[in-house]
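A closer look at the structure
Take a look at the letters that make up each chain.
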Amino acid sequence: MKKKLSLKFTLVFLSIIFSIVISVAVGSVGIHYINKTSKLAYTDYEGAMDYGYKIEIKSQVQAAISVIKKEYDRFKAGEISEAQAKYNAKETVRAMRYRDDATGYFWIDDKDYILVMHPILVKNEGANRFNLTDSNGVKIIQEIFKVCSSGGGFNQFMFTKSDGVTVAPKLA
């Protein structure tokens, strides 16, 4: 003959089971919301970093344009020749860097797609870059000129880093 479980034991046992089920449910919901909040926070962080980087680039480009304009104004005032103004602007911009690690740099292509100055690709200066295409098929300089013609903005493309090997996204 089986012993009947006492009412007290049954209630305690059911209470423990109920507590475990509730704890697992509450924990699962908590973990879900923590995960969701973390993903949203990371997305917000990435957006803020991207925005900050774009602001930095824009500010640095404005500084480079100021340097070029100063040399142009000196030429227009008759202080220096056109060739000297171009040389001064080109070499000043060549030396400019940005970012904490100084990996940000500038290059100059003219309206005929000729590479006028590049601090890393010096040997390519004078090359026509009309058909310069990244690994995704983006016509890099053509796309940059389109954005410039439309009033400004940003371009993203793949480009070989200064090590000559690593291909990574670049924002211009």
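Note that the coordinates shown come from a computational prediction; the quantities given were computed from them, not determined experimentally.

Conventions and cut-offs
Residues numbered from 1 in each chain as written. Predicted model: local features only at pLDDT ≥ 70, side-chain atom pairs only at ≥ 80, totals over all residues. Heavy atoms only, no water. Helix = DSSP H or I, 4+ residues; strand = E, 2+ residues; numbered from the N terminus. Rg over C-alpha atoms; globule rule 2.2 N^0.38 Å. Buried < 20%, exposed > 50% of the residue type's maximum accessible area, 1.4 Å probe, protein only. Contact = heavy atoms within 4.5 Å. Areas by Shrake-Rupley, 256 points an atom, 1.4 Å probe, with all protein chains shown as cover. Salt bridge = Lys/Arg side-chain N within 4 Å of Asp/Glu carboxyl O. 1 Å grid on protein atoms, 1.4 Å probe; cavity = no way out; pocket = protein on both sides within 12 Å on 5 of 7 lines; lining within 4 Å. Points joined across faces, edges and corners; volume = space filled by probe spheres on them. Nonpolar A, V, L, I, M, F, W, Y, C, P; charged D, E, K, R; others polar. Axes fitted to C-alpha atoms, helices over the stretch in contact; angles between N-to-C directions. Parallel < 35°, antiparallel > 145°, perpendicular 65-115°, else oblique. Left-handed = near helix turned anticlockwise from the far one by under 90°. Core = buried A, V, L, I, M, F, W, Y, C linked by side-chain atoms within 4.5 Å.

A closer look at the overall build of the protein chain
From N to C terminus, the protein chain includes 3 helices and 6 strands. Taken from N to C terminus, the helices and strands of the protein chain fall in the order α-α-β-β-β-β-α-β-β. By the compact-globule yardstick of 16 Å for 172 residues, the protein chain is too spread out, its C-alpha radius of gyration being 30 Å. Dimensions of the protein chain along its principal axes, counting C-alpha atoms only, are 115 × 30 × 30 Å. Within the protein chain, the proportion of its 172 residues that are buried is 19%. Here the contacts in the protein chain between residues at least 6 apart in sequence split such that 32% fall between residues at least 24 apart. Taken as a whole, the protein chain presents about 12,700 Å² of accessible surface, with 61% of it coming from carbon and sulfur.

Some words on the pattern of salt bridges
Across all of its chains, the model carries 9 salt bridges by this definition. A salt bridge links Glu125 to Arg94; its shortest N-O distance comes to 2.7 Å. Remark: Arg94 occurs in helix H2 (residues 82-95) and Glu125 occurs in the loop between strand E4 (115-117) and helix H3 (140-149); sequence separation between them is 31 residues. Residue Glu125 is classed as partly exposed on the basis of its relative accessible area of 24%. The partner of Asp109 in a salt bridge is Arg129, with the nearest N and O atoms 2.8 Å apart. With a gap of 20 residues between them, Asp109 in strand E3 (residues 108-109) and Arg129 in the loop between E4 and H3 connect regions that are remote in the sequence.

Digging into the layout of surface pockets
When its volume is computed, the second largest pocket comes out at roughly 200 Å³. Lining the second largest pocket are 15 residues, with Leu132, Thr133, Ile140, Phe159 and Thr160 positioned closest to its centre. The element contributing the most residues to the lining of the second largest pocket is strand E5 (residues 156-160), with 3 residues. Its residues assigned to classes, the lining of the second largest pocket comprises 8 nonpolar, 5 polar and 2 charged.

Describing the packing of helix H1 (residues 7-76) against H2
As a packed pair, H1 and H2 sit with axes 9 Å apart at the nearest point and diverge in direction by 165°. Accordingly, the angle class assigned to the pair H1 and H2 is roughly antiparallel. As H1 runs across H2, the sense of the crossing is right-handed. When H1 is examined against H2, the residues Ala64, Val67, Ile68, Glu71, Arg74 and Phe75 are found in contact with a partner set consisting of Glu82, Ala85, Asn88, Ala89, Thr92 and Val93.

Quick notes on the nonpolar core
Counting residues in hydrophobic clusters, the biggest one holds 8 residues: Ile57, Ala64, Val93, Met96, Tyr98, Phe106, Met117 and Leu171. Residue contacts for Met96: discarding those within four places in its chain leaves Gln60, Ala63, Ala64, Val67, Gly104, Tyr105 and Phe106. Core analysis: the next-biggest nonpolar cluster, separate from the first, contains 7 residues, Tyr105, Ile140, Ile144 and Phe157 among them.

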